[in-house]
Amino acid sequence: MASLYYICRYHLFLFSLKNCLLFLLLVLLGNPVHASDSTDTILDKLNDALKNKQRYVQLKEERILNFKKIKSDDLTKEQEYSYNKTLYTEYQKFNSDSAIFYVKKNLKIAEELQNKDLLNLAKIQLVTLYSSSGKYRESEALIKSIDKKTLSKILLPNYYVAYREFFEHYAANSYSVQYMHQIQKYRDSLLIVLDPGTLNYKINKIQQGMYLKKSTAEKQLKALLENTKEDNPQYAMITYLLGSIYERSHQLELRKKYYALSATADLKNANKDNASLQELALVFYEVGDVDMAYKLTQSAIEDALYCNVQFRTLLMSEVYSIINTVYSEREAKRKTELQLYLLCISLLSAFLIVAVIYVYKQMKKVSRIRGELYETSQKLAELNKDITETNNQLQERNAQLSESNHIKEEYIAHFFSLCSTYINKLENYRIILNKKATAKQFDEIYKMLKSTTLVDNELEELYKNFDIIFLNLYPTFVKDFNDLLIREEQIVLKQGELLNTELRIFALIRLGITDSVKIAAFLRYSLSTIYNYRTRARNKAAVSRNDFEEMVMKIGLISLKV
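Quick summary incoming for the structure in this document. Going along each chain's sequence as written, the residues are numbered from 1 onward. Confidence filtering applies because this is a predicted model: local features only for residues at pLDDT of at least 70, side-chain atom pairs given and counted only at 80 or more, and all residues used for totals across whole chains, interfaces and linings. Hydrogens and waters are ignored; side-chain quantities use all the structure's heavy atoms.

Attention now goes to the overall build of the protein. Of the regular secondary structure elements, the protein holds 25 helices and zero strands. Here the protein, with 562 residues, has 39% of them falling under the buried criterion. Counting from the N terminus, the helices are DSSP H or I runs at least four residues long and the strands are E runs at least two residues long. Burial classes follow relative accessibility: with a 1.4 Å probe on protein chains only, a residue under 20% of its type's maximum area counts as buried, one over 50% as exposed, and anything between as partly exposed.

Here you go:
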């Protein structure tokens, strides 16, 4: 059984570690809030905490659920009591019904163990839960059933806290000066039994000073705040008390700032039993920010109902009725304004529709006039067809084709020069033949006519001139043509070679000569040879065979336009 006890202690250690990790995750959800921040910064972080409110609740529920998973069926009664006590602590400010459930389980365990201290602790815990839930008669009967004389020193602080909170909760339902005296009476008793070095003692001591209207309370609270981390549950209480002090001294900005700090801390800790949201809602109501006041009031009521804290619900109902009335009036006013705007928009829309119809009709008239003008211009174009076509071509394509036309004109001149050269050569050849005929050198004439050297030389020069002129027109033709072929079938030219036969065939195709008969005549090959070249090239294509020659026709198209 002892080993089981240590196992449970180990599980509790793991639970504490999970709590730390989950709290770090909570901190990561929003930037830390510091008292030194400006009021605007603090309010921005409060709004961020309100947006992530459900996430904080979810993390709280996950933390509780993770702890519930570690429970063993072999726990001793004492260990089960400690287990339920931990769950009570988690639920105390989160869900009072669940907290009551686990405290009642501990009541039964304490009765079974006949342990008076455990029984009294469970009763004291139940007293506060009953009074916060509005069960004042049950709470009062339960606390009166506890014999103070039988309480250990450890339980006395809990006893006085339970009595103090009972009157605090009851005062919310039925305010009386007598109840306030009772609250201070039990706080005084609590201060006697608390360790003066504890934070709890210092906060209660300051609250006592505030009740007695001592001027040192503000300074003492600020000193405590400097040494209290934001993850400490008492951080929200300290900032709330500072807000209360500034409320009494009518320092609105400081009151808003510290209530906002308190509210943000409560939201991040998923503390549903809080007063700071309600007080902050009143601050925003006073400054005229009804939207924010309504938003905070809604959040506070949701928390009170979720936690089933009746006295908070009673306090909020008065505030909510005031703020809700003003908010509803403002919403009604906004609705009226919206209806007015909608009416204006509707009228403007109707006017716009009429205007659109009018403009549409005018556009149709303009379109009809344009049609008539177009017909007239067509008639004029028929009379001046040549001039109009030339002008249109110059207007539309002058920018794109000026350079291309220049190149074409230059090479047309080159071809004229070439033709002139060939005519001169023919004339010289005729003169030579004429001289030999006159001299009756018929063997020489026959020899010259029989030789193909002249034709071969002229063909070679013709193809060379063709290659030069074509590559000047399409300088990237060889590269672009190879890009259309698969890598291993790409054409590699010999040293000094500009184009080979295969490239010349497709160069002619690029120039628009697609008829194999004409290509064969120009290159002096048979028709079957030209056909074989074309078929072989299509088979080597890296693109679709059907689109190959069409893509060859597009080589250099962009460069020519430029």
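Next comes the rest of the write-up.
Attention now goes to the pattern of salt bridges. Whenever a carboxyl oxygen of Asp or Glu lies within 4 Å of a side-chain nitrogen of Lys or Arg, that contact is scored as a salt bridge. As enumerated under the stated definition, the model contains 20 salt bridges in all. The partner of Lys540 in a salt bridge is Glu502, and the shortest N-O contact between them spans 3.4 Å. Of this pair, Lys540 sits in the loop between α23 (527-539) and α24 (548-552) while Glu502 sits in helix α21 (residues 501-510), placing them 38 residues apart in sequence. A residue is classified by how much of its surface remains accessible, and Lys540, at 12% relative accessible area, is buried. Residue Arg534 pairs with Glu549 through a salt bridge whose shortest N-O separation is 2.8 Å. Taken together, the positions of Arg534 in helix α23 and Glu549 in helix α24 put the pair 15 residues apart, joining distant regions of the chain. When salt bridges that share partners are traced, they join Lys53, Lys272, Glu302 and Asp303 into one network.

Moving on to α21. Where burial is concerned, most of α21 is hidden: 10 out of the 10 residues are buried. Just downstream of α21 lies Gly512, where phi reads positive at about 100°.

Turning next to empty space enclosed by the protein. A 1.4 Å probe that fits into a set of points on a 1 Å grid over the protein atoms alone but cannot get out defines a cavity; an open set with protein on both sides within 12 Å along at least five of seven lines defines a pocket, and lining residues are those with an atom within 4 Å of a point. Grid points are joined across faces, edges and corners, and a volume is the space filled by probe spheres set on the points. In total, this model carries one cavity of 30 Å³ or more according to the counting rule given. Around the largest cavity, the lining residues are Lys53, Val57, Asp266, Leu267, Ala270, Asn271, Lys272, Asn274 and Asp303. Residue polarity follows a fixed list, in which Ala, Val, Leu, Ile, Met, Phe, Trp, Tyr, Cys and Pro are nonpolar, Asp, Glu, Lys and Arg are charged, and the others, Gly among them, are polar. Of the residues contributing to the lining of the largest cavity, the split by class is three nonpolar, two polar and four charged.

Phi at Lys213 is positive, roughly 60°, even though this residue is not glycine. Looking at where Lys213 falls in the secondary structure, it is placed in the loop between α10 (199-211) and α11 (217-226). The exposure class of Lys213 is exposed, given its relative accessible area of 74%. Phi is positive for His250, which is not a glycine, with a value near 60°. Relative to the helices and strands, His250 is located in the loop between α12 (234-248) and α13 (252-268).

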